[in-house]
Structures are given as C-alpha cells and as structure tokens.
Amino acid sequence: MSRSRLRKAIFESEFATRALGFAAAFFLRALGATWRISTEGPDPFRTSAGPHLGAMWHRNAIVGAYYFRDRNIGAAVSRSRDGELITRLLLRLGFRMPSRGSSSRGGAAALLGLVRLVEAGTTITIQTDGPRGPARVSKVGIVSLARQTDQPITPLTFSARPCIQFKSWD
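These numbers were taken from a predicted model, which means no experiment stands behind them.

K.L.:
Can you help me understand the pattern of salt bridges in this one?
P.N.:
For side chains bearing opposite charge, pairing can occur when the charged atoms are close. Applying the stated rule across the entire model yields five salt bridges. One salt bridge connects arginine 29 with aspartate 70, and the closest N-O pair in it is separated by 2.8 Å. With arginine 29 in helix α2 (residues 14-32) and aspartate 70 in the loop between α4 (61-67) and β2 (74-77), the pair connects residues that are 41 residues apart, well separated along the chain. With a shortest N-O distance of 3.3 Å, glutamate 84 and arginine 88 are connected by a salt bridge. With glutamate 84 and arginine 88 both in helix α5 (residues 81-92), this residue pair falls four residues apart, about one helical turn. Taking relative accessible area as the criterion, glutamate 84 reaches 25% and is therefore assigned partly exposed. Through salt bridges that share partners, Glu14, Arg18, Glu84, Arg88 and Arg100 make up one connected network.

Laid out in structure tokens, this is it:
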C-alpha cells in the first residue's frame, strides 16, 4: 500500500476521526478559555425558555462552536468526511447529535431532523450560507425551518480583534 493510500485510510478510520474530534474540541476549549467574550443586546439563547433558531455565517463557526458549547444545542452538519469530524467536535463540545445534510446533499433529511429537534424543544444554530457559499449569502433552509416550526429567526454574529483569518471562504 502506498504512503498516500495509507494516510488516507488512517485519516478515514473511525479511531482517527474520534481522536481528531477529541483533540480539536480540547484545543478549542483551551483557546476559547483565553478569550474575553462580551455580548451586546439581550441573548435569547440564555434568557428565555423554548427553542430558538440562530442564523449565522460560516465565518462564525469556530467562535460560535465555542460560545454555544455545553448547552445541548442542535446544528446541521454536512454528510462529508469533514462533516464527520465536525460532528465529533460538536459532540465533544456538548452539542446534541447534529442533523446530517446540507444544501448540496441530504438537505431534506437534515431539515426534517432539525424540525424534529425544534419540536422537542431544542435550540438550533445554522450556518445559513451553506457548505459551498457564496459567503454571506443566505440559503432558504433557515426560512423553511422557521416556517415549519413557527419559530422566529435570531441573527447571530461574532467578531474579534485581533483575530486570525483563514484563507478559505468560510
């Protein structure tokens, strides 16, 4: 077996995915512990009962994952290999089992899973610009979810200074 095939097999293994999810969650908790976080305006996710629908951009994913940790919040995660790693990370951060699917693959199943979570009283956060972008252009999934669950959409954003920005679109 070639080195590249061996690396790919190891990366795709269940053990490696679990280990990477654990390490990423540990790293994010450690990094987040150094942040000073302040909020502006009321935070409906902390102050009122019942489910909420939080809408944010992909660029807010890392800070959002840290901010909403340990609250048993639901999310949608793509069915990709990266999505499996993100699922492990979110579970280690105290999120509910994510509903799997995205606008490009399995969107109807993900929407149905999110509807069920909201009906069970779970707050949901969704990155509305989808897995492929374009960045900061919302897809219809959050509106469909709001319509089916009769819940309002709460826009969310995070900013930091100083910050490190990755070169990817999200």
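K.L.:
Hey, could you run me through the nonpolar core in this one?
P.N.:
It is characteristic of soluble globular proteins that their nonpolar side chains tend to be buried jointly. Counting residues in hydrophobic clusters, the biggest one holds 17 residues, and the most contacted among them are Phe68, Leu90, Leu93 and Phe95. Of all the secondary structure elements, the ones that give two or more residues to this core are α2, α4, β2 and α5. Contact partners of phenylalanine 95, with chain neighbours within four places excluded, come to Gly64, Ala65, Phe68, Arg69, Asn72, Ile73, Leu90 and Thr125. Counting residues in each nonpolar core, the second largest holds 12 residues, with Leu53, Leu114, Val118 and Leu145 among its members.

K.L.:
Explain a nonpolar patch on the surface to me, please; I cannot follow it from the model alone.
P.N.:
The grouping of Ile62, Ile164 and Phe166 at the surface amounts to a nonpolar patch, some 380 Å² of accessible area in total. The residue phenylalanine 166 is located in the segment after β5 (153-155) in this model. For phenylalanine 166, a relative accessible area of 61% puts it in the exposed group.

K.L.:
Sorry, what's going on with the sheet that holds β2 here?
P.N.:
Strands pair in a sheet through their backbones, by hydrogen bonds, and they do so in one of two ways: parallel or antiparallel. Pairing within the open sheet is parallel, and its five strands lie in the order β3-β2-β4-β1-β5. Every interior strand has two partners, whereas the edge strands, β3 (99-100) and β5, have only one. Taken together, the four bridges between strand β1 (residues 53-56) and strand β4 (residues 124-127) define a ladder with parallel strand orientation. Each residue of the ladder has a partner; that of methionine 56, found in β4, is glutamine 127. Where α5 meets the sheet, it contacts β2 and β3, and its direction lies at approximately 165° from that of β2. Helix α7 (residues 141-149) contacts β1, β4 and β5 of the sheet and is inclined by roughly 170° relative to β1.

K.L.:
Just checking my understanding: could you explain the packing of α2 against α5 for this structure?
P.N.:
Pairs of packed helices are described in terms of their axes, by the angle between the two and the distance that separates them. The geometry of α2 relative to α5 is characterised by a closest axis approach of 8 Å and an angle of 50° between their N-to-C directions. Looking at the two axes, α2 sits oblique to α5. As for how α2 packs across α5, the hand of that crossing is right-handed. Facing Glu14, Thr17, Arg18, Leu20, Gly21, Phe22, Ala24, Ala25 and Arg29 of α2, the residues of α5 in contact are Glu84, Leu85, Arg88, Leu89 and Arg92. In the contact of α2 with α5, the residues fall into six nonpolar, two polar and six charged.

K.L.:
Looking at this structure, how should I read the environment of histidine 58?
P.N.:
Relative to the helices and strands, histidine 58 resides in the loop between β1 and α4. Counting along the chain gives 69 residues from histidine 58 to glutamine 127, while the straight-line C-alpha distance between them is 5.3 Å.

K.L.:
Is there a simple way to think about the packing of helix α6 (residues 107-119) against α7 in this case?
P.N.:
Put simply, α6 and α7 touch, their axes get as near as 10 Å, and they point 40° apart. Taken together, the axis directions place α6 and α7 in an arrangement best described as oblique. Considering only the axes of α6 and α7, their crossing is right-handed. Residues Leu111, Leu114, Val115 and Val118 of α6 touch α7, and the partners they reach there are Gly141, Ser144, Leu145, Gln148 and Thr149. Per-class residue counts for the contact of α6 with α7 are five nonpolar, four polar and no charged.

Reading the values: the criteria
- Residues numbered from 1 in each chain as written.
- Predicted model: local features only at pLDDT ≥ 70, side-chain atom pairs only at ≥ 80, totals over all residues.
- Heavy atoms only, no water.
- Salt bridge = Lys/Arg side-chain N within 4 Å of Asp/Glu carboxyl O.
- Helix = DSSP H or I, 4+ residues; strand = E, 2+ residues; numbered from the N terminus.
- Buried < 20%, exposed > 50% of the residue type's maximum accessible area, 1.4 Å probe, protein only.
- Core = buried A, V, L, I, M, F, W, Y, C linked by side-chain atoms within 4.5 Å.
- Contact = heavy atoms within 4.5 Å.
- Patch = residues over 30% accessible without salt bridge, like charges linked within 9 Å, V, L, I, M, F, W, Y side chains within 5 Å.
- Areas by Shrake-Rupley, 256 points an atom, 1.4 Å probe, with all protein chains shown as cover.
- Pairing = 2+ DSSP bridges.
- Axes fitted to C-alpha atoms, helices over the stretch in contact; angles between N-to-C directions.
- Parallel < 35°, antiparallel > 145°, perpendicular 65-115°, else oblique.
- Left-handed = near helix turned anticlockwise from the far one by under 90°.
- Nonpolar A, V, L, I, M, F, W, Y, C, P; charged D, E, K, R; others polar.

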